[in-house]
Amino acid sequence: MQSSTHRPDPPYRRIVAEFRARILASELRPGDRMPSIRQIAQRRGVAVATATKVIAALRDEGLVEAKVGAGTVVSARASRQQPITPATSPELPHTGGLKQGLNREQVLRTAIAIADAEGLGAVSMRRLATELGVGPMSLYRHVANKDELVTQMVDEVFGAQELPDPGPEGWRAKLELIARRQWELARRHVWLPRAISFTRPLLVPNMMAHTEWTLRALDGLELPMTARIREALTLHALVVTVALSMASEVEAEQETGVTLTRWLLEQRQRAGQLLGSGRFPLLAAVPEEAVSDLDGLFEYSLARHLDGFAAMVEGQPS
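Keep in mind that what you see is a predicted model, and the values were worked out from it rather than measured.

Here we come to the overall build of the protein chain. In terms of regular secondary structure, the protein chain is built from 14 helices and 2 strands. Put simply, the protein chain has 318 residues, and 39% of those count as buried. Expressed as a percentage of contacts within the protein chain between residues at least 6 apart in sequence, the contacts between residues at least 24 apart total 70%. Of the accessible surface of the protein chain, which amounts to about 18,200 Å², a share of 53% is contributed by carbon and sulfur atoms.

Here's what the structure looks like:
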């Protein structure tokens with residue numbers, strides 16, 4: 001006779017259930033700060049990956065949300081609606097008003113809003129369905145999966161920014177313009193750099209239009225196409241590199257609730273000991289704002305890169 005055994009829930013589900021119960025019982029109220037991922041891992045004796053799944057699951061249920069400067073907090077929506085649990089969510093009926101008239105634009109705008117507020121990791125088909133008030137299967141009429149969703153989000157973001165035709169006079173002014181437009185996009189959508197790959201580029205028309213515009217800006221320089229595409233990719237990589245630092249800072253602030261200013265204040269004593277030792281006299285002379293000013297770093301990097309590119313162009317044999 002074969003006996004059946006009950007398989008216990010994975011650790012992350014048990015922790016999610018505990019937090020869910022506390023939130024619904026108003027022990028944790030809207031706006032209350034949740035423990036950080038590191039704190040959950042340490043207090044519950046689980047891996048960081050498990051703690052990450054806890055926060056992601058609570059976020060998918062609409063119980064918590066990320067707030068810049070406060071980390072992850074209990075969502076205001078948690079007091080107004082019953083959460084969707086992993087065991088019942090696929091069968092729950094949805095009667096939201098958007099279901100009948102749902103279109104691609106609504107799907108993408110909602111997904112972008114979630115990513116802007118909480119990061120790309122917060123975007124899931126279940127979370128998106130909850131925000132739109134529809135069943136998850138309704139979304140598959142518009143996007144096949146999350147990868148396709150992210151691809152279309154990137155296309156939507158790039159398409160929202162028009163590029164001038166023909167643009168300012170001179171190749172340098174044109175390259176400055178395209179780089180600054182892309183920097184503006186990265187500042188507005190800090191998740192964007194994480195969605196872009198150079199080895200497996202997204203074939204989306206609106207982002208490709210940026211590359212085409214950059215290649216056209218180099219017309220008349222008599223450069224081979226290999227040099228032109230490398231310049232277009234290098235310029236884009238410059239934007240993405242600085243933008244990734246900005247994205248990492250926003251994510252660290254959301255995870256820990258510690259702002260960069262507060263973190264610097266907390267590190268000041270240790271920094272003072274190191275820089276006051278006399279071992280690093282040049283580092284000690286660096287203004288603090290020179291390191292944290294990412295806009296300044298971007299402008300400096302752009303200017304120095306274009307100086308180098310200009311030297312290469314001028315050194316070409318005529």
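Back to the write-up after that little detour.
Here we come to helix H4 (residues 104–118). Over its 15 residues, H4 extends 21 Å from the first C-alpha to the last, a length consistent with the 21 Å expected when each residue adds 1.5 Å. The opening residue of H4 is Asn103, an N-cap whose side-chain oxygen sits 3.2 Å from the backbone nitrogen of Glu105. After H4 finishes, the residue Gly119 shows a positive phi value of roughly 100 degrees.

Now for the pattern of salt bridges. A full pass over the atoms with the stated rule returns 13 salt bridges. With its nearest N and O atoms 3.8 Å apart, the salt bridge here joins Arg104 to Glu156. Within this pair, whereas Arg104 is found in helix H4, its partner Glu156 is found in helix H7 (residues 146–159), the two being separated by 52 residues in sequence. The class of Arg104 is partly exposed, set by a relative accessible area of 36%. In this structure, the salt-bridge partner of Arg304 is Asp307, at a minimum N-O distance of 2.7 Å. Placement of the pair is Arg304 and Asp307 together in helix H14 (residues 294–314), with a separation of 3 residues, close to one helical turn. Members of the salt-bridge network, linked through shared partners, are Arg172, Glu176, Arg180, Glu299, Arg304 and Asp307.

Below, the discussion takes up the environment of Met225. Among the structural elements, Met225 can be located in helix H10 (residues 225–256). Taking C-alpha positions, Met225 is 8.5 Å from Leu215, a pair spaced 10 residues apart along the chain.

Across all of its chains, the model carries 2 aromatic pairs by this definition. An angle of 75 degrees between the planes, with centres 5.1 Å apart, marks the rings of Trp171 and Phe309 as edge-to-face. You can see Trp171 sitting in helix H8 (residues 171–188) and its partner Phe309 sitting in helix H14, a full 138 residues away along the chain. With respect to class, Trp171 is no different from Phe309; both count as buried. Ring geometry for Trp183 versus Phe298: centroids 4.7 Å apart, planes at 5 degrees, classification stacked. Of the two residues, Trp183 sits in helix H8 while Phe298 sits in helix H14, which places them 115 residues apart along the sequence. The buried category is assigned to Phe298, whose relative accessible area is 1%.

In terms of nonpolar packing, the biggest core is built from 31 residues, with Leu128, Leu139, Leu149, Met153, Val154, Trp191 and Leu192 touching the most fellow members. Among the secondary structure elements, those contributing two or more residues to this core are H4, helix H5 (125–132) and H7. Non-local contacts of Trp191, meaning those with residues more than four positions away in its chain, are made with Ile112, Ala115, Asp116, Leu120, Met153, Val154 and Val157.

A few words now on the confidence of the model for the protein chain. The predicted model of the protein chain has a mean per-residue pLDDT of 79, with 79% of residues at 70 or higher. Contacts from residues 1–6, a stretch scored under 50 in pLDDT, to residues over four places away or in other chains number 0 contacts. Across residues 81–99 the pLDDT falls below 50, and counting only partners more than four positions away or on other chains, this stretch makes 28 contacts in the model.

What counts as what
Residues numbered from 1 in each chain as written. Predicted model: local features only at pLDDT ≥ 70, side-chain atom pairs only at ≥ 80, totals over all residues. Heavy atoms only, no water. Helix = DSSP H or I, 4+ residues; strand = E, 2+ residues; numbered from the N terminus. Buried < 20%, exposed > 50% of the residue type's maximum accessible area, 1.4 Å probe, protein only. Contact = heavy atoms within 4.5 Å. Areas by Shrake-Rupley, 256 points an atom, 1.4 Å probe, with all protein chains shown as cover. Expected span 1.5 Å × (residues − 1). Polar contact = N/O pair within 3.5 Å; in protein donor to acceptor, adjacent residues only side chain to side chain. Salt bridge = Lys/Arg side-chain N within 4 Å of Asp/Glu carboxyl O. Phe/Tyr/Trp six-rings, centres within 6.5 Å; stacked < 30°, edge-to-face > 60°. Core = buried A, V, L, I, M, F, W, Y, C linked by side-chain atoms within 4.5 Å. pLDDT = per-residue confidence, 0-100.

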